[in-house]
Amino acid sequence: MNVEVRVQDILAYKGDALIVNLFEGVTKPGGATAAVDQALGGLISQAIAQGEFQGKAGTHLLLHTQGKLKAERVLVAGLGKQAQFGRDAVRSATGEALRLLRRHGCRQVGTILHGTGTGGLDVAEVAQAITEGALLGLYTFDRYKRKTDDDDHRAIDEVSLLLRDRAQMAEVRASSTTGQIVARAVNLARDLVNEPSNYLTPQDLAAQARAVAKAQRLSCQVFGKRELQRLGMGALLGVAQGSSRPPVLIVLSYRGGRGKQPDLGLVGKGITFDSGGISIKPSEGMEQMKGDMAGGAAVIATMAAIGQLKPAINVTAIVPACENLPSGSALKPGDVVRAMDGKTIEVVNTDAEGRLILADALCYARRLDCQRLVDAATLTGACVVALGSIRSGAFTNNQGWMDQVRSAAEAVGEKVWQMPMDGEYDEQIKSDVADVKNVGGRKAGAVTAAKFLARFVGETPWVHLDIAGTTQAEKERGDSPKGATGVPVRTLIRLAGDLAQKKG
Ligand code: BES
Ligand code: ZN
Ligand code: ZN
């Protein structure tokens, strides 16, 4: 699907549908919607007057134009209450409107720039939000489905952003391009998460990272088993030893800054399938564990966007990847492994494998002298219990850095919630036989997992995002279809941009 920007009067737009809008509770349409209403002989105001359409978020009014407009149909999208209006609402409304029009078989759709009048947003930010909403909302994963003619396979070919003022063209084009880069990165992360684990092994994930590096001219290193042994990554090797597929450590680097070290290190959990290992999971829902590399996918996809947006900082992504499987050679409860920094870990539960592989990856990030760290990981079921699928858990050893990550997340509409890190929680991961153990009991499971990771980051400002609940959507919502969401790619891209601006 292609997104384009053109200067055109909406009444002259030729295509399958034209999208206009209405705020909740507005009884007399204004601006573009009023012009369309007038051309349609008052059909929209009539629907409003009869209480058929109130402009609520997520609702629509679809009308055929019967030759009164150049477009075949008009879709009035409800934008919700004006007080809650912003870029998130634009992204959502666009995603939902376009999915509806796709179901109706539309291929070419024009849209006005919502909210640039009474909504108070500037055209550039709206253009980016619409572009993102379109590409994100129309995302599908149908690679393994036979092509048929049914609704599932209808597609929108082109979305046109209709601009009134030619003077804004350059600015709007640029921000729409940014929106495309961001959305394509999010969709790459979604693809990797949705991909079944027999098609996305640790080796395949490394190949994907190499492809990103090649396309964006980043540097890419992939360490295999031999090198991991030499680096002393006993925790990553331990988790991987139950599988016939060897582990890899993927390192992608972008240089846009002046210094030598990475200004920002992004670490992502890359378990391409998590069966739990010897501490095996119940079979119900286990298929979702093909997405246990969502953190890794997110940081690789973020690097793809960074390679195009070129912020003036250095960014390095580190992804430890392997499978967590039971077998005769698998890690067993009670085993002790040694991480790269020499710390020993008692493996009480082989299903708490994410923190093991991240321990080595965080040690490696420190070896590279990353100035700040963010890790993203589908780490704990406990985080899903605490925050559900709405917010990711956020944990830190440095409040100032946390505030920056939170403001980036806030700005792009990916919700996070800061969780506590009191020293008292450390008690729960004390081991009788090693320096630390990999589980802290039933209480505060998301916190003790973060506490475990904190042992491996030292003094480096670090934020851990537990995305176990937010990486997969049970149903479609706004700019996210059912399945992989691509969280937290948008946050990480934004964070890199914010950091570059702050430094520059
Ligand atoms: N990958 C899981 C966490 C998870 C759960 C992700 C649900 C997505 C949805 C992780 O490796 C895991 O199994 N964690 C255990 C830890 C426990 C054994 C301390 C958990 O949360 O049950
Ligand atoms: Zn697990
Ligand atoms: Zn896991």
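Cut-offs and rules
Residues numbered from 1 in each chain as written. Chains lettered and ligands numbered in written order. Predicted model: local features only at pLDDT ≥ 70, side-chain atom pairs only at ≥ 80, totals over all residues. Heavy atoms only, no water. Donors = N, O, S within 2.8 Å, 3.2 Å for Na, K, Ca; no water. Tetrahedral: all angles 85-135°; square planar, octahedral: opposite > 155°, others 65-115°. Helix = DSSP H or I, 4+ residues; strand = E, 2+ residues; numbered from the N terminus. Buried < 20%, exposed > 50% of the residue type's maximum accessible area, 1.4 Å probe, protein only. Pairing = 2+ DSSP bridges. Domains from an automatic or database assignment. Contact = heavy atoms within 4.5 Å. Buried area = accessible area lost by both parts, 1.4 Å probe. Salt bridge = Lys/Arg side-chain N within 4 Å of Asp/Glu carboxyl O. Expected span 1.5 Å × (residues − 1). Phe/Tyr/Trp six-rings, centres within 6.5 Å; stacked < 30°, edge-to-face > 60°. 1 Å grid on protein atoms, 1.4 Å probe; cavity = no way out; pocket = protein on both sides within 12 Å on 5 of 7 lines; lining within 4 Å. Points joined across faces, edges and corners; volume = space filled by probe spheres on them.

1. Section: the coordination of the zinc ion (ligand 3)
Right, on to step 1. Protein coordination at the zinc ion (ligand 3) comes from Lys269 (NZ), Asp274 (OD), Asp292 (OD) and Glu353 (OE), with a distance range of 2.0 to 2.4 Å.
Right, on to step 2. Around the zinc ion (ligand 3), the six donor atoms are arranged such that angles at the metal cover 77 to 174°; this shape is classified as octahedral.
Right, on to step 3. Sequence positions of the residues that donate to the zinc ion (ligand 3) give the spacing K-x4-D-x17-D-x60-E.
Right, on to step 4. Between the two metal centres, the zinc ion (ligand 3) and the zinc ion (ligand 2), the spacing is 3.2 Å, with Asp274 acting as a shared donor. Residue Lys269 is found in the loop between strand E9 (264-268) and strand E10 (270-274), and its partner Glu353 is found in the loop between strand E13 (344-347) and helix H10 (354-367); the two are separated by 84 residues along the sequence.
Right, on to step 5. A relative accessible area of 2% places Lys269 in the buried class.
Right, on to step 6. Using a relative accessible area of 0% as the deciding quantity, one classes Glu353 as buried.

2. Focus on the sheet that holds strand E17 (residues 436-437)
Right, on to step 1. The strand order E12-E13-E17 describes an open sheet built from three strands, whose pairing is mixed. Lying at the two open borders of the sheet, with one neighbouring strand each, are strand E12 (335-338) and E17.
Right, on to step 2. Pairing between E13 and E17: two bridges, direction parallel. In the strand pairing of E17, Glu346 is matched with Lys437.

3. Section: the domain arrangement of the protein chain
Right, on to step 1. On domain assignment, one finds that the protein chain holds domain 1 (2-182) and domain 2 (195-503).
Right, on to step 2. Distance from the C-alpha centre of domain 1 to the C-alpha centre of domain 2: 37 Å.
Right, on to step 3. Taken together, the contact pairs 19 residues of domain 1 with 18 residues of domain 2.
Right, on to step 4. Both faces considered, domain 1 and domain 2 share a buried interface measuring about 1,500 Å² in area, 53% of it formed by carbon and sulfur atoms.
Right, on to step 5. For domain 1, the biggest contributors to the area lost against domain 2 are Arg99, Tyr144 and Ile181; these three give 36% of the whole.
Right, on to step 6. Across the contact surface, domain 1 and domain 2 share three salt bridges.
Right, on to step 7. Among the ionic pairs, Arg99 bridges to Glu476, the shortest N-O distance being 3.4 Å.

4. Quick word on helix H3 (residues 87-103)
Right, on to step 1. For H3, with 17 residues, the first-to-last C-alpha span of 25 Å sits near the 24 Å given by 1.5 Å per residue.
Right, on to step 2. Burial within H3 is extensive, with 12 of its 17 residues counted as buried.
Right, on to step 3. Turning to H3, its buried residues are Ala89, Val90, Arg91, Ala93, Thr94, Gly95, Ala97, Leu98, Arg99, Leu100, Leu101 and Arg102.

5. Points about the packing of aromatic side chains
Right, on to step 1. For the structure shown, the criterion picks out five aromatic pairs.
Right, on to step 2. Between the aromatic rings of Phe23 and Phe85, the centroid separation amounts to 5.0 Å while the plane-to-plane angle is 85°, which identifies the pairing as edge-to-face. Of this pair, Phe23 sits in the loop between strand E2 (17-22) and helix H1 (31-39) while Phe85 sits in the loop between strand E4 (73-78) and H3, and the two are 62 residues apart along the sequence. Summarising the burial analysis for this pair, Phe23 and Phe85 share the class buried.
Right, on to step 3. Both rings, one in Phe223 and one in Tyr364, keep their centres 5.7 Å apart while their planes meet at 70°; by these two values the pair is edge-to-face.

6. Overview of the layout of surface pockets
Right, on to step 1. Size it by volume and the second largest pocket reaches roughly 1,200 Å³.
Right, on to step 2. At the level of elements, H3, helix H5 (169-194), helix H12 (399-412), strand E16 (416-418) and strand E19 (472-473) are the ones that each hand at least two residues to the lining of the second largest pocket.
Right, on to step 3. At six residues, H3 tops the list of elements feeding residues into the lining of the second largest pocket.
Right, on to step 4. Lining the lining of the second largest pocket are residues from two domains, each supplying at least three of them: domain 1 (2-182) and domain 2 (195-503).

7. Looking at the coordination of the zinc ion (ligand 2)
Right, on to step 1. Within the protein, the zinc ion (ligand 2) binds to Asp274 (OD), Asp351 (O), Asp351 (OD) and Glu353 (OE); these donor distances fall in the range 2.0 to 2.2 Å.
Right, on to step 2. What the six donor atoms of the zinc ion (ligand 2) show is an angle range of 71 to 167° at the metal, which sorts the shape as irregular.
Right, on to step 3. For the zinc ion (ligand 2), all donor residues lie on one chain, and their spacing in sequence is D-x76-D-x1-E.
Right, on to step 4. Judged by its relative accessible area of 23%, Asp351 falls in the partly exposed class.

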